[in-house]
Amino acid sequence: MRYLSILLASIALLSAPCWADETFKDVPSDHWAKDAVDMVAKNGIMNGYPDDTFKGDRHITRYELCVALANMVQFIQSSQKPVIGSEDKKTESTPKTTNWAAPSVDLLKNGGFLPKDSPLFKDGDKQITCQELGDALALVSAKLIELSVPPTGAPD
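My aim in this report is to walk through the structure given alongside it, one point at a time. (Residues numbered from 1 in each chain as written. Predicted model: local features only at pLDDT ≥ 70, side-chain atom pairs only at ≥ 80, totals over all residues. Heavy atoms only, no water.)

The next point concerns the overall build of the chain. Broken down by element type, the chain carries 5 helices and 0 strands. Mapped from its N terminus to its C terminus, the chain presents α and β elements in the order α-α-α-α-α. Residue pairs at least 24 apart in sequence account for 73% of intrachain contacts in the chain once pairs closer than 6 positions are excluded. Accessible surface, the chain: about 8700 Å² in total, of which carbon and sulfur atoms supply 56%. (Helix = DSSP H or I, 4+ residues; strand = E, 2+ residues; numbered from the N terminus. Contact = heavy atoms within 4.5 Å. Areas by Shrake-Rupley, 256 points an atom, 1.4 Å probe, with all protein chains shown as cover.)

So, on to the packing of aromatic side chains. With the rule as written, the count across this model stands at 2 aromatic pairs. Their ring planes at 55° and their centres at 5.5 Å tell us that Phe 24 and Phe 54 sit as a pair that is tilted. Separated by 30 residues along the polypeptide, Phe 24 in the loop between α1 (2-15) and α2 (34-42) and Phe 54 in the loop between α2 and α3 (62-78) bring together distant segments of the chain. With respect to class, Phe 24 is no different from Phe 54; both count as buried. Taken together, a centroid distance of 6.4 Å and an interplanar angle of 85° make the contact between Tyr 63 and Trp 100 edge-to-face. You can see Tyr 63 sitting in helix α3 and its partner Trp 100 sitting in the loop between α3 and α4 (102-110), a full 37 residues away along the chain. The partly exposed category is assigned to Tyr 63, whose relative accessible area is 22%. In this structure, Lys 55 is placed above the aromatic ring of Tyr 49, and the distance from its NZ or CZ to the ring centre is 4.4 Å. (Phe/Tyr/Trp six-rings, centres within 6.5 Å; stacked < 30°, edge-to-face > 60°. Buried < 20%, exposed > 50% of the residue type's maximum accessible area, 1.4 Å probe, protein only. Lys NZ or Arg CZ within 6 Å of the ring centre and 35° of its normal.)

Moving on: the nonpolar core. Within the largest apolar cluster, 27 residues are counted, with the highest numbers of intra-cluster contacts made by Leu 69, Leu 108, Leu 114, Leu 120 and Val 140. Those elements giving two or more residues to this core turn out to be α3, α4 and α5 (130-148). At 9 residues, α3 tops the list of elements feeding residues into this core. Each residue touching Leu 114, except ones within four places of it in the same chain, is listed here: Leu 69, Leu 108, Lys 109, Leu 120, Phe 121, Ala 136, Leu 139 and Val 140. Formed by 6 residues, the second largest nonpolar core is a distinct cluster that contains Phe 24, Val 37, Ala 41 and Phe 54. (Core = buried A, V, L, I, M, F, W, Y, C linked by side-chain atoms within 4.5 Å.)

Quick look at the environment of Ala 33 now. Residue placement: Ala 33 occurs in the loop between α1 and α2. Take Ala 33: its relative accessible area is 3%, and that puts it in the buried class. In this structure the C-alpha to C-alpha distance between Ala 33 and Gly 56, which are 23 residues apart in sequence, comes to 9.3 Å.

Below, the discussion takes up unusual backbone geometry. Phi is positive for Asp 52, which is not a glycine, with a value near 60°. Note on placement: Asp 52 falls in the loop between α2 and α3. Unusually for a residue other than glycine, Asp 123 sits at a positive phi of about 50°. Turning to its location among the elements, Asp 123 is positioned in the loop between α4 and α5.

What follows is about the pattern of salt bridges. Counting across every chain of the model gives 5 salt bridges. Linking Asp 51 and Lys 55 is a salt bridge whose minimum nitrogen-to-oxygen distance equals 4.0 Å. Residue classification places Asp 51 among the partly exposed positions, given a relative accessible area of 35%. A relative accessible area of 32% means that Lys 55 is categorised as partly exposed. (Salt bridge = Lys/Arg side-chain N within 4 Å of Asp/Glu carboxyl O.)

Scope: geometric values only; no functional claims are made or implied.
What follows is the structure, given as structure tokens:
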């Protein structure tokens, strides 16, 4: 049951449109995704843009997905045990330098969440495809489940 919960949380956290904070002037209170946007913002999975918008109708880039996935991994793991590979704060989802997504890419690569040759790590400003999104969600969710399975013979 715990594994199903992790998978469902992963899907719920990333199925909403991208980058949120607490309130956004472009997300009306009656919008169908308002609760999901608020949830990913509250939990630090996605951050808003500097102009206090969410831009949920905008396509996201590969690097933006890397940041959201890394934040999701950190959120899920911090609720269970110390975060793998880092005690750092969640990464920012808006570019500040040319390497703004590097900490997230490193966490996903070095943590074994995505293969080192994942297309998400190349041409980071390129729009994410549905196939890439699905593959990334499946791989990250599978790794999170693998990490939460106790060793053979250990009590649950």
